[in-house]
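For reference, the chains in residue letters:
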Amino acid sequence: MLHSTSLLRASAVAALLVVPAVSAQAQETFVVSNWGYSNDFYEPFIFEPFEKEHNVKVVTETGGAPERLNKARIRGGVDVILLTDKFSQIGINQGAFETIDDTKLSNFDELYDAAKNPQGDYGPAYTFGRYGIVYDKTRTDTPITSWCDLWREDFAGAIAMPAFNTTGGPLTVMMAGKCAGSDAFEDPDTAFAKMAELKPNIVKTFSSGSELTNLLSTGEAFIGLAQDYAFPAIQAANPNIGWAELSEGDFRMMNTYNIPKNAKHKELALAFIDFSISMQAQKDAAIELVSGSGPVNKTVELTPEQASQLVYGEKAVLSMQPTPYDKLLEVNDDWESRWNEVFGR
Amino acid sequence: MNARPSLVERINALGPWLLVLPATAVLAFILIIPVAGTLAESFSNPAGFFANYRDFFADSYNRTVMIRSFRIAFLSTLTSLILGFGGAYMIANASQGVKRVLLILSVFPLLTSVVVRSFSFMAILGRNGVVNTALMKLGIISEPMEMLFTQGAVIAGLAYLFTPLMILSLVGVLENIEDDLYLAAGSLGASPVAVFFQVTLPLAVPGMIVGSILVFTGSLATFVTPTLLGGEPQMTLATLLYQKAMISFDWGAANTIAAIMMGTAIFCVVVLGTIASRISARRAVH
């Protein structure tokens, strides 16, 4: 009898010890694959409210876009992935993502049309950014007003240009085609002949925003082809650097959400995307992240000061040139080979 | 007639093998299997067993990159050898206290990140860097020289990166040369220059070979320095590999480049290692 009482007590104690562990395990883990730099924003504004509402624990996986895409595709274990539209297009072409049923996104109708289905039935965009030209306004008397100004003789050895295998690299080829009076997709010979003319003006082709910042801050280059997310750091390093107002317009860059095919929590992923494109989350992102995070939700209202470094409002969204990544990826190998002939020899 | 060994004796005989078994298993798992996988992947192309290699070598740009990589690795090894020999010679001949300080100073850069060391070279060689500023203040040049983003900058950066390894390889060898040999050479009328070329240099060859293997293979494989100090015009096999794997997602080409780099490294280790051991053996006979 004594033995059975002890056994009962031991079982009760064991149960008490085990129950919290079981309930802790019951809380699902939701994995978000994101760049590291914006997690400071995501933690309080997106992750915590989402965790409370859905009783999940959000875990992030950070790193550069290509390595995260590779991991999500090959190894799995990611529920939502945040990528630039170039790499989300690569993921789509690889068959890595689920299509998205936008009727399940309550905030979908509030998005600008450009952000709704930028790449077919896949993830919506969650930010607008721009790719354009920045330059030290004290080092030239004639302002830059066109992409074609990059070819000016007085800019010899002055330009830092993104390498081909970056998000912005191939866009320069498109502009070279335009400045030569042709379409780079239909007539790459002319576009790359124009790129070869640009070579004397290029001081370095860079692979990351931080490298560009370094080149501009040390004075190695005074003109840079940049995405706006890098602009605050560039301006902090050299306040004389400003954004060029280009007659052809900047290129529109977008970051997108996608759900990998091997994601474990697909319904929850839809809820996460829906929450992230809501008016409040979009407004918070625009204010907190400052640059490179122009809101895609058209109901967001910002003060002129808050919007000063953002792609904000319908006029700004429509005035930019779209980036046709589906077409760019089709010609990628040919253009890469041509680019290497010009810049890699 | 010998009695059969007991079970305990047999286990004892296996002892050393059992001790290395866990480490060997771990190494096999984390090193040999992925490397073998990479090699196997480089041959798995539906177009044929050697199709990836054929495609790689058919592209003149890839050949240019490969030749450039070997040239950069060779020249940085040579630079490290010249600089490292001087440093190691000084350390080997210094007093015990000074030797310790010099060794710490020469190894100290290894404790700093490769990125930081490469960026520091940008500050030295840049348009507004230390060298250009000094030359302009001295009136030697009127405009900054273009030193960054050239092959010279990459070689200088790699030599700076790997010279400590060369010094470490040479110090031990130079320290082990008997003073009696110098005295004997001197008493036979050899000048200091002749002593250096006929005694010191030949006896230092094994250390030079070991150091050269480390610097050459390191220079061939390093990614950060050619990227930061050279850029696209100075593309090397390591940067091309990164581009193919992580940006173009061309895994066939990436595996092929990795296999070529591995093959080159193994070739260097085997050939130079054989030369070093033959020299050592010949010296032992004499």
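Right above here is the structure, for reference.
Residues numbered from 1 in each chain as written. Chains lettered and ligands numbered in written order. Predicted model: local features only at pLDDT ≥ 70, side-chain atom pairs only at ≥ 80, totals over all residues. Heavy atoms only, no water.

1. Looking at the state of the cysteines
All names here are of chain A. As a reminder, the rule being used: Any pair of cysteine sulfurs within 2.5 Å is marked as a disulfide. What counts as a helix is a DSSP run of H or I of at least four residues, what counts as a strand is a run of E of at least two, and both are numbered from the N terminus.
The full count for this structure, using the stated rule, is one disulfide over all chains. Each sulfur of the disulfide joining cysteine 148 and cysteine 179 lies 2.1 Å from the other. Every disulfide takes its handedness from the sign of the S-S torsion; for cysteine 148 and cysteine 179 that torsion is -95°, giving left-handed. With cysteine 148 in the loop between strand E4 (125-136) and strand E5 (159-162) and cysteine 179 in helix H6 (residues 169-179), this pair connects stretches of sequence that are 31 residues apart.

2. A short note on the pairing of E5(A)
Residues and elements named next belong to chain A. Cut-off, in case you're wondering: Exposure is judged per residue with a 1.4 Å probe applied to protein chains only, and the accessible area is read against the type maximum: over 50% gives exposed, under 20% gives buried, and values in between give partly exposed. Pairing between two strands is assigned when DSSP locates at least 2 bridges connecting them.
Neither face of E5 is exposed, since Ile159 and Met161 on one face and Ala160 and Pro162 on the opposite face are all buried. Sheet topology note: the E5/strand E6 (residues 202-206) ladder contains four bridges and is parallel. Within E6, the position partnered with methionine 161 by the bridge is threonine 205. Inspection of the sheet shows E5 paired to strand E7 (residues 223-227) by two bridges, in the parallel sense. Note on E7: the bridge partner recorded for alanine 160 is glycine 224.

3. Re the pattern of salt bridges
Residue and element names in this part refer to chain A. Stated precisely, the cut-off is as follows: By definition, a salt bridge exists where a carboxyl oxygen of Asp or Glu is found within 4 Å of a side-chain nitrogen of Lys or Arg.
Within this structure, the stated rule accounts for 16 salt bridges over all chains. For lysine 116, the salt bridge identified is with aspartate 113, shortest N-O distance 3.4 Å. A residue pair is termed a helical-turn pair when its members lie 3 or 4 positions apart in one helix, as lysine 116 and aspartate 113 do in helix H5 (residues 113-116) at three residues. Using a relative accessible area of 61% as the deciding quantity, one classes aspartate 113 as exposed.

4. Some remarks on the interface of chain A and chain B
Here is the rule: Any pair of residues with heavy atoms lying within 4.5 Å of one another is described as a contacting pair. Polar contacts here mean pairs of N or O atoms no more than 3.5 Å apart (in protein, one a potential hydrogen donor and the other a potential acceptor; neighbouring residues in sequence count only if both atoms are side-chain atoms).
In this complex, chain A contributes 28 residues to the contact, which on the side of chain B involves 25 residues. The residue Lys244(B) makes a salt bridge to Glu336(A) at a minimum N-O spacing of 4.0 Å. Counting the contacts that link chain A with chain B gives ten residue pairs in polar contact (both at pLDDT 80 or more). Elements represented by at least two residues in the side of chain A that touches chain B include exactly helix H3 (65-74), helix H4 (85-93), E6, helix H8 (209-217) and helix H15 (332-343) of chain A.

5. Looking at a nonpolar patch on the surface
All names here are of chain B. Our working rule: Excluding any residue in a salt bridge, patches collect residues exceeding 30% relative accessible area, merging like charges within 9 Å and nonpolar Val, Leu, Ile, Met, Phe, Trp and Tyr side chains within 5 Å. Note that accessible areas follow from Shrake-Rupley with a 1.4 Å probe, and for residues the cover is restricted to the protein chains shown.
Taken together, the side chains of Leu7, Ile11, Leu14, Trp17, Leu18, Leu19, Val20 and Leu21 make up a nonpolar region of the molecular surface, amounting to roughly 890 Å² of accessible area. Tracing the chain through its elements places leucine 14 in helix H1 (residues 7-43). Accessibility expressed as a relative area gives 46% for leucine 14, which makes it partly exposed.

6. A look at the environment of Val58(A)
Residues and elements named next belong to chain A. Topologically, valine 58 is positioned in strand E2 (residues 56-62). Residue valine 58 is classed as buried on the basis of its relative accessible area, which comes to 9%. On a C-alpha basis, the gap between valine 58 and threonine 29 in space is 5.9 Å, while along the polypeptide they are 29 residues apart. In this view, valine 58 contacts Phe30, Val32, Phe47, Phe50 and Glu51; residues no more than four positions away in its chain are not counted.

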